Amino acid sequence: MTLRLRVDPIVCDGHGVCAELFPERVSLDDWGYPIVDSDAIGRDLLDHARRAVAACPVLALRLERA
Amino acid sequence: MSVAERTVEIAPAPDRLPRLLTETAAKWVSLAEHRRRAGPIPRVGRRPRIDIIDAAGRAGLRGKGGGAFPTGQKMEAVAAGPGRPVVLVNGAEGEPASGKDKLLLTRAPNLVLDGAQIAAAAIGAREVIVCVDRHANGALASVRRALSERAAAEPASVPVRLVGVPSHYVSGEETALVRWLSGGDAKPTTPPKPYERGVGGRPTLVDNVETLAHLAQIVRWGPTWFRSVGTRSEPGSTLLTVSGAVGRPGVYEVPMGASLARVLQRAGAIDGEVSAVLVGGYFGTWLSAEQSATAHLSRADLVRFGGDLGPGVVVALPRDACGVVEAARVVSWLAASTAGQCGSCMHGLASLAESAGAVARGRARRDAAMQLLRWAEQIEGRGACRLPDGAARFLRSSLATFQHEFDRHLRGAHCPEQRHVLPLPNPARDTWR
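If you're wondering where the values come from, they're calculated on a predicted model, not measured in any experiment. (Residues numbered from 1 in each chain as written. Chains lettered and ligands numbered in written order. Predicted model: local features only at pLDDT ≥ 70, side-chain atom pairs only at ≥ 80, totals over all residues.)

In terms of regular secondary structure, chain A is built from two helices and five strands. Once the C-alpha set of chain A is aligned to its principal axes, its extents read approximately 30 × 20 × 20 Å. Looking at chain A alone, contacts between residues at least 24 apart form 64% of all its contacts between residues at least 6 apart. (Helix = DSSP H or I, 4+ residues; strand = E, 2+ residues; numbered from the N terminus. Contact = placed C-beta atoms within 7 Å.)

Written out as structure tokens, the structure reads:
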């Protein structure tokens, strides 16, 4: 099963924790909101992705089936 | 010819345009008269009417609200969903330069309501909700009057509820309508989409009013008749709202693929007086005068310019207006139209508006154009709805089409005496509930 990272733009408050914890796939725009790479997440990065999802203070980040 | 003389037992299919807004539709058409011309509406049964869905598919009908999604496919998806579906007629028409839906509702409400009944039959819905901008008094009154006539004469049809919805630009977005109907703000939401879970959690068919008017005629006169105008890949006719530097602004019905130059000519544009043409509304694309001379109003042709027909908006920019000033005005209006839910849209559009405004006033840094392009790229695809995407496309197209004007403004020029052309309603005049 391939997974990809998605952010709910309405829920997101731009805390930026995801970009800090998972810079491989998340960067911040000029206003501090995450730009999330929607490519499938390989096994090597899955732990990092899960950690970023769990750390989001407003639960805006999730892993979805690609 | 008077209305009475045109009345026949079984009206023939119109063999030329206009199809939707006939000249007799300038007067109020009674339901009895409408029935003689348009024929009866099909019965609603327990099951979806595959034949209607099939007719829409064979006609090649696509949505006329801007998305151009195949109507038959959408009906199929809704009919396949769990539970009794709902038909939502979208007459919100928040696009400032568009007036075709309001005109259709005002002049030919029965055609739209027939289409809604037919769509209900097609998907097996027992409820129709008609959403109209709550400030569009003429359209609301017309639909109300048609509905009371229909309730008396056709009690067996599917019950219809008319609601006036908030006037905000993004409130006409389908998820915003569903949310508002459920008691929330008229602001877009993230998925599920209405076709999966809409009004009351039920699968909901959201169709633009013009789409439903076409559907009514397709069911009456057949897909082959519908396809007798337009192009092979984009059949039928379409309504356009034409404004700006034209002598006869208004709503025109043209075959899909019509020449833009001929449309402008018909609307009374004078050669050499038009510097650029905005096609598709504020999510749309500017065509230079040169491009507009060869463009055709189809998705297949407009893709050459990175555009599409959107909801059928055509605005001719006069020579004495400034593209930079117009772009800044629109971007600033789009920024004010944000629902304020998604950070990149809310803050990104504000930054774009501020910077574009500075450019228009001749007060921007020399690298402002590069920054505008960078921001446009950053906000694309970042919202729950397509507002940031639309703004990005509009801005990019403005920068490309008015490149020389932008260069002048970046060197400090400003156009204080410029006339303003693109209409900008006051976004603050309404609430979200």
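Resuming the write-up.
Here we take up the overall build of chain B. The number of helices and strands found in chain B is 18 helices and nine strands. Radius of gyration (C-alpha) of chain B: 22 Å, near the 22 Å computed for a compact globule of 433 residues. Principal axes of the C-alpha set define a box for chain B whose edges measure 65 × 50 × 35 Å. For chain B, the residues scored as buried account for 55% of the 433 residues in total. (Rg over C-alpha atoms; globule rule 2.2 N^0.38 Å. Buried ≥ 20, exposed ≤ 12 C-beta atoms within 10 Å, placed from the backbone.)

This paragraph deals with the sheet that holds strand S2 (residues 128-133) of chain B. Residue and element names in this part refer to chain B. Strands sit in the order S3-S2-S1-S4 across an open sheet of four strands; the sheet is parallel. This sheet does not close on itself; its edge strands, each paired only once, are strand S3 (160-165) and strand S4 (204-208). The sheet shows a mean angle of 20 degrees between the axes of neighbouring strands, taken without regard to direction. With six bridges joining them, S2 and S3 adopt parallel strand pairing. Directly across from valine 128, in S3, lies its bridge partner valine 160. The strands touched by helix H7 (residues 137-153) are strand S1 (86-91), S2 and S3; relative to S3, the strand with the most contacts, the crossing angle is about 170 degrees. (Pairing = 2+ DSSP bridges. Axes fitted to C-alpha atoms, helices over the stretch in contact; angles between N-to-C directions.)

Residues and elements named next belong to chain B. In space, the five strands of this open sheet follow the order S6-S5-S9-S7-S8, with mixed pairing throughout. Each edge of the sheet is formed by a strand with only one pairing partner; in this case those strands are strand S6 (250-255) and strand S8 (285-288). Strand after strand, the sheet turns through a mean of 30 degrees between neighbouring axes, direction not considered. Bridge count for strand S7 (residues 274-279) against strand S9 (residues 313-318) is five bridges, and the pairing is antiparallel. Counterpart to valine 277 in the pairing with S9 is alanine 316.

That's the geometry; what it means functionally is another story.
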